[in-house]
Amino acid sequence: MTATAPPVAPSDEPDAQPARRSGLRRFVPVVLAAIAGLLLYVTFPPRELPWLAPLAFALLGIAVHGRRLRAGFGLGLVFGLAYLVPLLSWTGVDVGPLPWLALAAAEALILALAGMGIAYVSRLPLWPLWAGGVWIADEALRARFPFGGFPWGKVAFGQPSGVFLPLASLGGTPLLGFGVVLCGFGLGGLVLRVLHLKKARDTERAPAADETSGTDEAPAKDTETGAHAETGTSAARGKGGARPLRDRALIAAAVCTVAPVIAGVAAMPLVSNDAQAGTARVALIQGNVPRMGLDFNAQRRAVLDYHVRETMKLAARIKAGTVQKPDLVLWPENSSDIDPFVNMDAYEEIQKAAEAVGAPISVGAVVTDKNGDERNQLILWDPKTGPGATYNKRHLQPFGEYMPYRGFFRIFSKDVDRAGNFVPGDKAVVFDMSGTKIGNVTCYEAAFDDVVRDQVDAGAEILSVPSNNATFERSQMTYQQLAMDRVRAVEHGRAVMVPVTSGVSAVIRPDGSIAQKTGMFEADTLIAEVPKRTGKTLATRAGVWPEALLTLIGVGGLARAVVRSRKGRGATARSNGRPANG
């Protein structure tokens, strides 16, 4: 008699492993979105790695591709937080982490809308194009809402050098940003398509026994085109099948990847440093600020004294013949926080400096106008006639220069009472300084397309961006702002002067390169022969139209996705024998 062993119960372990792998795969898009956000942050100054930005958007595109709207929103939020929390860390230097994290979270929520929109259009043919438009539409929203917008961190501002930068002269920061994201999404689409074709090829090479086994399988859906893909040997044997060189989706993704690069290279000859109306000898004064610990009023007076002292040093060098007299002198924003129209001692000190150097000075001052409104003002100070033309900062910094909903936000932080009560100006003003037309863009205003463009349209031959970054100490802020100024130089074909109270002050050529710069928290003077330019770039002439047209691409992609989705639901309803309207 032969004994028979009892059957062994199957183990649950083999089933558990695929389940664990499936669970881990769910986190892959989240990790990709987080890495993409961090990678985009790394492209920004003080580092200068503009070529990493397309890789960041390639990863974001892969992460959200084919996802539902809710997943796209969540992945966009992860991306936004990973990007903006470190990028905006400087906002917490003086007021602590709560305002910093609140600002980063609020801006990340707006970026989450972009993630949702990109996920929605990612099922369309040519999805990198539509996705790029969605991104620019989101940036346009972020530049205007809420509280007048906060465009800090626009993709274009991380491109102060590199192959994409010349695109700014064609279509401003919107086209520059679009070129970067289109290249990145194209690269992501290329990777996804190659993986899809590889999967089709692997299916083709499956054993012939599987092909004749009699099993009926539904064809896999092509996530690149939204159509059902052929499987098995039919994919390879059909016309064009899985042959990469004949695959339209692959070709389209490749074109989206390389077209912005080619466009950037083609636009390089349009960027020039040539003087069109002669040159001007410009002096930038960085007086520095005193050590921390002085009371507020004493510090204000000390800052003015420091800038007067540095200007007097320049005057002594001119008198000694070691340097030539400049045609004009630029002081930073807040170089006189004491109102010289009210305090005669401040008036006399500035007048003394202007007379000593023998050139007009643009002075950054805090003044109270005849209506009692507090203004962040630039004053054209002539060595013979004293104060003349003025420019009032038009785009004020919310939560700093003014406080929206002060009573409400006081619930969360008493620091709201440290915010100012400034009133914005309402027009562009170009200073005529010894025959040179200087366009004024005060500090934070450099982030806004229209403010800079208005000054060039008003006749500026050179742009000046006087700034006060001392509050943010040695943070990334001053370097990020300097990168904006470099992009603006190329966008409008103008040299950009950046006098800063505590650094980094800089002379920027029209091609975006830095001719001279200072260190941080040191007194210094820069003197440069600067080209005066009168021509307008295509970007300046086009105004807001590039942004409008690129936004329209994004809106058009979303509309197309809605129509496609409704048609798909209607077809499904009809196949199930139900009315198309459900």
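Quick summary incoming for the structure in this document. (Residues numbered from 1 in each chain as written. Predicted model: local features only at pLDDT ≥ 70, side-chain atom pairs only at ≥ 80, totals over all residues. Heavy atoms only, no water.)

**As for unusual backbone geometry**
- With omega at 15°, the peptide bond leading from P45 into P46 counts as cis.
- Residue placement: P46 occurs in the loop between α2 (28-42) and α3 (52-64).
- Residue C443 is not a glycine yet carries a positive backbone phi of 50°.
- Relative to the helices and strands, C443 is located in the loop between β7 (436-440) and α14 (449-457).
- With a phi close to 55°, F521 is a non-glycine residue in the positive phi region.
- Structurally, F521 can be placed in the loop between β11 (514-517) and β12 (524-531).
- When its relative accessible area of 25% is taken as the criterion, F521 is described as partly exposed. (Helix = DSSP H or I, 4+ residues; strand = E, 2+ residues; numbered from the N terminus. Buried < 20%, exposed > 50% of the residue type's maximum accessible area, 1.4 Å probe, protein only.)

**Side note on the nonpolar core**
- One finds F57, F79, W135, V282 and M497 to be the most contacted residues of the largest nonpolar core, which totals 97 residues.
- Residue contributions to this core peak at nine residues, all from helix α7 (residues 168-204).
- Apart from the residues within four sequence positions on either side, M497 is in contact with V282, L284, L330, I462, L463, S464, V465, A506, V507, I508 and V530. (Core = buried A, V, L, I, M, F, W, Y, C linked by side-chain atoms within 4.5 Å. Contact = heavy atoms within 4.5 Å.)

**Considering the pattern of salt bridges**
- On inspection of all chains with the given rule, the structure shows 18 salt bridges.
- For D449, the salt bridge identified is with K154, shortest N-O distance 3.3 Å. You can see D449 sitting in helix α14 and its partner K154 sitting in the loop between α6 (127-142) and α7, a full 295 residues away along the chain.
- Residue class for K154 comes out buried when judged on its relative accessible area of 3%.
- Between D369 and R375 there is a salt bridge, and its shortest N-O distance comes to 3.0 Å.
- Put simply, K154, D449, R488 and E491 are held in one network by salt bridges that share partners. (Salt bridge = Lys/Arg side-chain N within 4 Å of Asp/Glu carboxyl O.)

**Here's the deal with the sheet that holds strand β2 (residues 328-330)**
- Ordered by their spatial adjacency, six strands build an open sheet running β5-β4-β3-β2-β1-β12, and the pairing between neighbours is mixed. Both edges of this open sheet fall to β5 (386-392) and β12, since each of them pairs with a single strand only. When strand polarity is set aside, the average angle formed by the axes of neighbouring strands in this sheet is 35°.
- The pairing of strand β3 (residues 361-368) with strand β4 (residues 374-382) spans eight bridges and is classified as antiparallel. Following the sheet pairing, G364 is matched in β4 by L378. (Pairing = 2+ DSSP bridges. Axes fitted to C-alpha atoms, helices over the stretch in contact; angles between N-to-C directions.)

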